[in-house]
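Residues per chain are reported as follows:
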Amino acid sequence: MVLKEMRLMGVIIAVLFIIAGTALAQQESQASSMSLKGAEALYVKVSNLDPDLKERLSKESITEAILRSEIERRLKAKGIKAMAEEQFRKTGKENCLYLKIEIAAIEPKSEYIKIADSTKLPPTKFIYRLRLEFRQEVALARNAGIKVMATTWMKDDFGYRRLSLIHDAALSLTDMFIQDFLSENR
């Protein structure tokens, strides 16, 4: 009987932790979205593509230029102003939407998968991590005179997929940003 009561107590505690964690995550997400209020224009930056994979990535439209262009197009289609790089460099402390991409082939780059007829194929799935961040100038709570660039909104995605799906995942993160941005700036 005592064992059953201990298990029940353990389940109740676990459920309470899950509920508390979910509520905390929702509050954090709301605060993150609220930080987008009033942002008028932003610069889009995409980086961190592995130079050894660039040729393979470009075949799947995963290049810094293509992704940046697609993200800007999606933003503009929803009425969000995207800044040119020159304008961003002049101001230096404007809003920046930053997509960091990390992609790695599991197999060594020089080896290929052998199939029955001895044809060699390159790896078809890759480990990846995407992080989309909105960075903006913020003042420190302890000293409002100190202003720094900080990430105030962020979404991640990671996994093991084909390159075409990694491309889609990057655009999906952009759609999440647009949804949050518009919810705060209507």
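Presented here is an overview of the structure given in this document. From a predicted model like this one, the values you see are computed outputs, not experimental measurements.

Let's talk about the pattern of salt bridges
At step 1: Applying the stated rule across the entire model yields eight salt bridges.
At step 2: Among the salt bridges present, the one from glutamate 133 reaches arginine 135, with a minimum N-O distance of 2.9 Å.
At step 3: By relative accessible area, arginine 135 is classed as partly exposed at 29%.

A few points about the packing of aromatic side chains
Each aromatic ring pair is summarised here by two numbers: the centre-to-centre distance and the angle between the ring planes.
At step 1: Under the defined criterion, the tally for this structure stands at four aromatic pairs.
At step 2: Here the aromatic rings of tyrosine 43 and phenylalanine 88 are separated by 4.4 Å at their centres, their planes lie at 15 degrees, and the arrangement is stacked. Separated by 45 residues along the polypeptide, tyrosine 43 in strand β1 (residues 41-47) and phenylalanine 88 in helix α4 (residues 85-91) bring together distant segments of the chain. By the burial criterion, tyrosine 43 is buried, and phenylalanine 88 matches it.
At step 3: Aromatic pair tryptophan 153 and phenylalanine 177: ring centres 5.1 Å apart, planes at 80 degrees, arrangement edge-to-face. Within this pair, whereas tryptophan 153 is found in strand β7 (residues 147-161), its partner phenylalanine 177 is found in helix α5 (residues 163-184), the two being separated by 24 residues in sequence. Of the two residues, tryptophan 153 and phenylalanine 177, both sit in the buried class.

Points about the environment of valine 44
At step 1: Tracing the sequence through the fold places valine 44 in strand β1.
At step 2: Excluding residues within four positions of it along the chain, valine 44 makes contact with Arg68, Ile71, Glu72, Leu75 and Leu97.

Some points on the sheet that holds β7
At step 1: The five strands lie next to each other as β2-β1-β3-β6-β7, forming an open sheet whose pairing is mixed. Only two strands of the sheet have a single partner each, and these edge strands are β2 (81-83) and β7. Here the average twist between neighbouring strands, direction ignored, is 25 degrees.
At step 2: Along the sheet, helix α3 (residues 64-77) contacts β1, β2 and β3 (95-105); its crossing angle with β1, the most-contacted strand, is approximately 155 degrees.
At step 3: The strands touched by α5 are β1, β3, β6 (126-139) and β7; relative to β7, the strand with the most contacts, the crossing angle is about 140 degrees.

Comments concerning the environment of phenylalanine 134
At step 1: On the secondary structure map, phenylalanine 134 appears in strand β6.
At step 2: Not counting residues within four places of it along the chain, the set of residues in contact with phenylalanine 134 comprises Leu36, Ala39, Leu42, Asn95, Cys96, Leu97, Ala150, Thr151, Thr152, Trp153 and Phe177.

Comments concerning α3
At step 1: With 14 residues, α3 extends 20 Å between its outermost C-alpha atoms, agreeing within 8% with the 20 Å of an ideal straight helix rising 1.5 Å per residue.
At step 2: Burial in α3 covers these residues: Leu67, Glu70, Ile71, Glu72 and Leu75.
At step 3: Contacts from the buried residues of α3 go to β1, β2, β3 and α5.

Reading the values: rules and limits
- Residues numbered from 1 in each chain as written.
- Predicted model: local features only at pLDDT ≥ 70, side-chain atom pairs only at ≥ 80, totals over all residues.
- Heavy atoms only, no water.
- Salt bridge = Lys/Arg side-chain N within 4 Å of Asp/Glu carboxyl O.
- Buried < 20%, exposed > 50% of the residue type's maximum accessible area, 1.4 Å probe, protein only.
- Phe/Tyr/Trp six-rings, centres within 6.5 Å; stacked < 30°, edge-to-face > 60°.
- Helix = DSSP H or I, 4+ residues; strand = E, 2+ residues; numbered from the N terminus.
- Contact = heavy atoms within 4.5 Å.
- Pairing = 2+ DSSP bridges.
- Axes fitted to C-alpha atoms, helices over the stretch in contact; angles between N-to-C directions.
- Expected span 1.5 Å × (residues − 1).

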